[in-house]
Amino acid sequence: MNIDWNAFTPWCALAGGFLIGIAAAMLLLLNGRIAGISGVLGGILKPAKGDTAWRLAFAGGLVLTPMVAGHFGAWPDIRIDTGFGALVAAGFLVGIGTRYGSGCTSGHGVCGLSRLSPRSLAATLSFMSAGFATVFVVRHVFGI
Amino acid sequence: MAVSTSVLAGIIFGVGLLVSGMSNPAKVLGFLDVAGHWDPSLVLVMSGAVAVNFVAFAVARKRTVSFLGLDMKLRSSRHIDRRLVLGSVLFGVGWGIAGLCPGPALVVLGTAQPKAVVFFAAMLGGMGAFEWLEQRKAIRAENAARSVQTG
């Protein structure tokens, strides 16, 4: 293993992680809901009465973030190198996979692991391994 | 009130993704590339978030209503099945191709980059496909039950 010390940003990573944690804790303790983003979006696609407004608000808050950051003069550094065709395939897989798997990086990875759920640990290990394997194949087998 | 705390939580979550660098697909792929020049940042992002939530869940578990007086929707299945693992694997493959998962997908959507819009639309398509397949399965199960009753 060869750590890229120039890319590694430990303090920003920890600070950002705390903020993500605070946001999920707010939703949990104030709204009584789990901040699993795929679940939040899934609930908008299949709306239940009285359970949609908070979902739209939470998702809307996330979409507003770059504008809020831009307002403070910090336009985010976002680089998407993947081509359009691959993005369509990737988006579809992320959408259908997170719904079948009942969660994503936030729901299983953050909230599930925090409540020591064995189910979330199994899901997190599954998507992490698949992610490692996919990048290995894309970068080191096909050399893209 | 519940809506305003949700917006605020969404914005704080998004700022956390921006600050941590996890809204940048190139950085996420740097984490997933363990055989190349590995960027371990995501490990610390998750550790920070889990540390805060570990405490939050300990508090939440003892409550029947939230601090705003709303019901706590925390129950979840503990069952590990094929559906959970295969779904998560499909998600991981998509994550590995693009470096985007649902949270960052929403944040980058806010930059209105064409690639972000395409990924988001495809992701909604995948979620829609799931709903459609589930609905079909339910109808088929219902029909099977009815034919057993009449037959």
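Structure: see above.
The rules behind these values
- Residues numbered from 1 in each chain as written.
- Chains lettered and ligands numbered in written order.
- Predicted model: local features only at pLDDT ≥ 70, side-chain atom pairs only at ≥ 80, totals over all residues.
- Contact = placed C-beta atoms within 7 Å.
- Helix = DSSP H or I, 4+ residues; strand = E, 2+ residues; numbered from the N terminus.
- Nonpolar A, V, L, I, M, F, W, Y, C, P; charged D, E, K, R; others polar.
- Pairing = 2+ DSSP bridges.
- Axes fitted to C-alpha atoms, helices over the stretch in contact; angles between N-to-C directions.
- Parallel < 35°, antiparallel > 145°, perpendicular 65-115°, else oblique.
- Left-handed = near helix turned anticlockwise from the far one by under 90°.

**Observations regarding the interface of chain A and chain B**
Contact with chain A, which involves 105 residues of that partner, is made by 106 residues of chain B. Elements with a minimum of two residues in the side of chain A that touches chain B: strand 1 (2-3), helix 1 (10-31), helix 2 (37-45), helix 3 (53-71), helix 4 (84-100), helix 5 (105-114) and helix 6 (118-141) of chain A. Ranked by residues supplied to the side of chain A that touches chain B, first place goes to helix 1 of chain A with 21 residues. When its residues are assigned to classes, the side of chain A that touches chain B shows 66 nonpolar, 29 polar and ten charged. Bridge count between strand 1 of chain A and strand 1 (residues 37-38) of chain B: two bridges; the pairing is parallel. Note on strand 1 of chain B: the bridge partner recorded for Asn-2 of chain A is His-37 of chain B.

**Some thoughts on the packing of helix 4 of chain A against helix 4 (residues 82-98) of chain B**
Where helix 4 of chain A meets helix 4 of chain B, the axes come as close as 7 Å, and the angle between the chain directions of the two elements is 155°. Of the possible angle classes, the one that applies to helix 4 of chain A and helix 4 of chain B is roughly antiparallel. For the crossing formed where helix 4 of chain A meets helix 4 of chain B, the hand is left-handed. For the pair formed by helix 4 of chain A and helix 4 of chain B, the contact residues are Ala-86, Leu-87, Ala-89, Ala-90, Gly-91, Leu-93, Val-94, Ile-96, Gly-97, Thr-98, Arg-99 and Tyr-100 of chain A on the first element and Arg-83, Leu-86, Gly-87, Ser-88, Leu-90, Phe-91, Val-93, Gly-94, Trp-95, Ile-97 and Ala-98 of chain B on the second. Grouping the amino acids of the contact of helix 4 of chain A with helix 4 of chain B by side-chain chemistry returns 15 nonpolar, six polar and two charged.

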